[in-house]
Amino acid sequence: MSSGEELLRSKGLRVTRPRLAVLDVLAAGGHLEVDEITRRVRERLDSVSTQAVYDVLGALSRAGLSRRIEPAGSPARYEARTGDNHHHVVCRGCGEIADIDCAVGSAPCLDPDIDHGFEVDEAEVTFWGLCPTCQARRTADD
């Protein structure tokens, strides 16, 4: 039995070829848009619809096997890194996304002054700036 099969079964999910393929794509790393995930899944499987990939990603996210992030102005992206309270830095130039470990470690890493009665269990932090490639491009343009 593969580790993907074990992961799916441990979360009570049926083992299907599309689910295994999406897990493999996410395990390769990165913060991928659905179109890119679909393209990579189609390299593994002869036929899979974009809707099937959305359905798989929804099931994996609800089960805690993938994480959906939505940086402002960008389509949703998915990653395999879950459960560790990490954050992201997004390049304003090219949209590249990188992980940043939480400085505090435990969730939530920020506590609001007023919680309006909510039980806060997570704070999603996104840092914005320019990646090294865009910095170099900017310097070359100056």
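Once a new chain begins, its residue numbering starts again from 1 and follows that chain's sequence as written. For this predicted model, a pLDDT threshold of at least 70 governs which residues receive local features, and a threshold of 80 or more governs which side-chain atom pairs are given and counted, while totals over whole chains, interfaces and linings are taken from all residues. Here the side-chain values reflect all heavy atoms present in the structure, with hydrogen atoms and water set aside.

You'll find the protein chain entered in an unreviewed UniProt entry as Transcriptional repressor, with Micromonospora deserti given as the organism. UniProt positions are given in the numbering used here, feature names are shortened, and annotations may be inferred rather than shown by experiment. Turning to the protein chain, the UniProt annotation filed under Subcellular location (unreviewed entry) states: "Cytoplasm".

K.L.:
How would you explain the sheet that holds strand β5 (residues 97-100) if you had to name every residue and give the values?
P.N.:
Working definition: the strands of a sheet are paired by backbone hydrogen bonds and lie parallel or antiparallel to each other. Following DSSP output, two strands are said to pair if at least two bridges run between them. What counts as a helix is a DSSP run of H or I of at least four residues, what counts as a strand is a run of E of at least two, and both are numbered from the N terminus. What the three strands build is an open sheet, ordered β5-β4-β6; its pairing is mixed. Only two strands of the sheet have a single neighbouring strand rather than two, namely β5 and β6 (126-129). Across the sheet, the axes of successive neighbouring strands diverge by a mean angle of 25°, strand direction being ignored. When strand β4 (residues 87-91) meets β6, the two strands line up parallel, connected through four bridges. Residue pairing for β6: C91 is matched across the bridge by G129. Note on definitions: angles span 0 to 180 degrees between N-to-C directions of axes, and those axes are lines fitted to C-alpha atoms, for helices only across the stretch in contact.

K.L.:
Before we move on, could you go through the state of the cysteines and cite the residues and values that matter?
P.N.:
Counting rule for disulfides: a pair of cysteine sulfur atoms within 2.5 Å. This structure, assessed with the given rule, holds zero disulfides. Among the cysteines around C91, which has no disulfide bond, C134 carries the closest sulfur, lying 3.6 Å off. Between C131, a free cysteine, and C91, which holds the nearest cysteine sulfur, the sulfur-to-sulfur gap is 3.6 Å.

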